[in-house]
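Observations on the three-dimensional arrangement
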Amino acid sequence: MYRKIHIMGASGAGTTTLGKALAARLPHVHLDSDDYYWEQKYSIKSDVAARLSRLEMDLKRHEPWILSGALCGWGDPLRDTFDLVIFLWIPEEIRLERLRAREYERYGDEGLPGGDKYEDVESFIDWAALYDTGGMEIRSRMLHEEWMAGLSGDLLRLEGDLTVEERVEAVLQYLSRSR
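Our subject in this report is the structure included herewith. This structure is a prediction, so every number in the text was calculated from the model and none was measured. (Residues numbered from 1 in each chain as written. Predicted model: local features only at pLDDT ≥ 70, side-chain atom pairs only at ≥ 80, totals over all residues. Heavy atoms only, no water.)

**Thoughts on the packing of helix 1 (residues 15-25) against helix 7 (residues 164-177)**
At a minimum axis distance of 10 Å, the contact between helix 1 and helix 7 shows a crossing angle of 55°. With respect to each other, helix 1 and helix 7 are oriented oblique. Considering only the axes of helix 1 and helix 7, their crossing is right-handed. Across the interface between the two elements, T17, L18, A21, L22 and R25 of helix 1 pack against V164, E165, R167, V168, E169, V171 and L172 of helix 7. Of the residues assigned to the contact of helix 1 with helix 7, the class counts are seven nonpolar, one polar and four charged. (Axes fitted to C-alpha atoms, helices over the stretch in contact; angles between N-to-C directions. Helix = DSSP H or I, 4+ residues; strand = E, 2+ residues; numbered from the N terminus. Parallel < 35°, antiparallel > 145°, perpendicular 65-115°, else oblique. Left-handed = near helix turned anticlockwise from the far one by under 90°. Contact = heavy atoms within 4.5 Å. Nonpolar A, V, L, I, M, F, W, Y, C, P; charged D, E, K, R; others polar.)

**Some details on the pattern of salt bridges**
Under the definition given, this model contains 14 salt bridges. A salt bridge links D161 to R98; the shortest N-O distance between them is 4.0 Å. Taken together, the positions of D161 in the loop between strand 7 (154-159) and helix 7 and R98 in helix 4 (residues 92-107) put the pair 63 residues apart, joining distant regions of the chain. On the basis of relative accessibility, which here comes to 32%, the residue R98 falls in the partly exposed class. E122 serves as the salt-bridge partner of R100, at 2.8 Å between the closest nitrogen and oxygen. Taken together, the residues span a long stretch of sequence, with R100 in helix 4 and E122 in helix 5 (residues 118-128) at a distance of 22 residues. Judged by its relative accessible area of 40%, R100 falls in the partly exposed class. Bridged by salt links that share partners, the residues R141, E145, R157 and E159 form one connected network. (Salt bridge = Lys/Arg side-chain N within 4 Å of Asp/Glu carboxyl O. Buried < 20%, exposed > 50% of the residue type's maximum accessible area, 1.4 Å probe, protein only.)

Here is the structure:
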């Protein structure tokens, strides 16, 4: 059985949602990279060495685990840790629609034109929109493909507009075939 699973993809692709759903069906603990990346959620980044140290400690303490989110760059020392990496991709228009809904849920009217968080939300959406076309300098598909090419463990790609349950079933089928 895969004991160290990492789920990655673009912001809004559903990595955290899938991680939580799988953890509800498997004996794995769910961890999310955002909980380590941010000192103060979505505004102040934590020190790279400190976040990596905390994450490594939790990974050792909680095995088996599922880690969702982005690690490229700061988490590169962990690349050989994973038994299985699951890569999620969905079309940009669906992903950006999800992100706008999530930002509204997070900030309400403050994220709309005239609100205190509007410029932050728009900047985030503009950044997220670059995923499929951006280069190695940002969190992009190109960066993720390069990162995945260096993996020592297995890779499962789930691409397209799949429901959470369809994704869970695809992963569970993959896990059952890999025993």
